[in-house]
Amino acid sequence: QVQLVESGGGLVQAGGSLRLSCAASGLTFSLYAMGWFRQAPGKEREFVAAISRWSNTATSYADSVKGRFTISRDNAKNTVYLQMNSLKPEDTAVYSCAERRNGVGSHLGYEYDYWGQGTQVTVSS
């Protein structure tokens, strides 16, 4: 059974940093693309970042986080990370990781096969 468990969320002041982790089990992690999405209260879920299975250089980002967030993966630990720097109040949301069997990162949520429960990130001004 596939499980994705996020951690690392919390409360941080604007300009601060957080590092989210997503630990995967029940799958051959190195074969799957991984993505991070977020959903703020009253808003639709939106794409944050994605990483393909091949390497840490095959990544993509939403324009709103480009240059501030970095997605990476450690296949030996079955874990994907999201390093978030220069956080803004508008980054406040529940952040969820997802995996895609296709192996290629995507910004489309419906193309992902499994999702984690999410972790809350709150950025105060």
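Residues numbered from 1 in each chain as written. Predicted model: local features only at pLDDT ≥ 70, side-chain atom pairs only at ≥ 80, totals over all residues. Heavy atoms only, no water.

Caption draft 1: Broad picture of the side chain of S106. Assignment of secondary structure puts S106 in the loop between β9 (93–100) and β10 (114–115). Side chain to side chain, S106 and E111 meet in a polar contact 2.5 Å long. Beyond its immediate stretch of four places on either side in the chain, S106 contacts F37, F47, A50, R100, E111 and Y112. (Helix = DSSP H or I, 4+ residues; strand = E, 2+ residues; numbered from the N terminus. Polar contact = N/O pair within 3.5 Å; in protein donor to acceptor, adjacent residues only side chain to side chain. Contact = heavy atoms within 4.5 Å.)

Caption draft 2: Expanded view of the sheet that holds strand β7 (residues 69–74). Sheet architecture is open: 4 strands sit in the order β1-β3-β8-β7, paired in antiparallel fashion. At either margin of the open sheet sits one strand with a lone partner, and together these are β1 (3–7) and β7. In this sheet, neighbouring strand axes are inclined to one another by 15° on average, regardless of whether the strands run parallel or antiparallel. (Pairing = 2+ DSSP bridges. Axes fitted to C-alpha atoms, helices over the stretch in contact; angles between N-to-C directions.)

Caption draft 3: Inspection of the pairing of β9 at higher detail. Counting buried positions along β9 gives 7 out of 8 residues, so the element sits mostly inside the fold. Two strands pair when backbone bridges link them, and strand β4 (residues 33–39) and β9 are joined in this way by 7 bridges, in the antiparallel orientation. Residue pairing in the sheet places W36 in a bridge with C97 of β9. Both β9 and strand β11 (residues 119–124) contribute to a ladder of 3 bridges, which runs antiparallel. Each residue of the ladder has a partner; that of Y95, found in β11, is T119. Where β9 lies against β10, 2 bridges are found, and the strand directions are antiparallel. When the bridges of β10 are listed, A98 appears paired with W115. (Buried < 20%, exposed > 50% of the residue type's maximum accessible area, 1.4 Å probe, protein only.)

Caption draft 4: Main features of the state of the cysteines. Counting across every chain of the model gives 1 disulfide. The disulfide partner of C22 is C97, and the gap between their sulfur atoms is 1.9 Å. As the torsion about the S-S bond is roughly 55°, the C22-C97 disulfide counts as right-handed. One end of the pair, C22, is in strand β3 (residues 18–25); the other, C97, is in strand β9, with 75 residues separating them in the sequence. Its relative accessible area of 0% is what places C22 among the buried residues. (Disulfide = S-S within 2.5 Å.)

Caption draft 5: Structural detail: the pairing of strand β5 (residues 46–51). Among the 6 residues of β5, 5 are classified as buried, and the element is accordingly described as predominantly covered. Adjacent in sequence and paired antiparallel, β4 and β5 are bridged by 6 residues, among which G42 carries a positive phi angle near 75°. Pairing analysis gives 3 bridges linking β5 to strand β6 (residues 59–61), with the strands arranged antiparallel. If you follow A50 over to β6, its bridge partner there is S60.

These results come straight from atomic positions and should not be treated as a statement about function.
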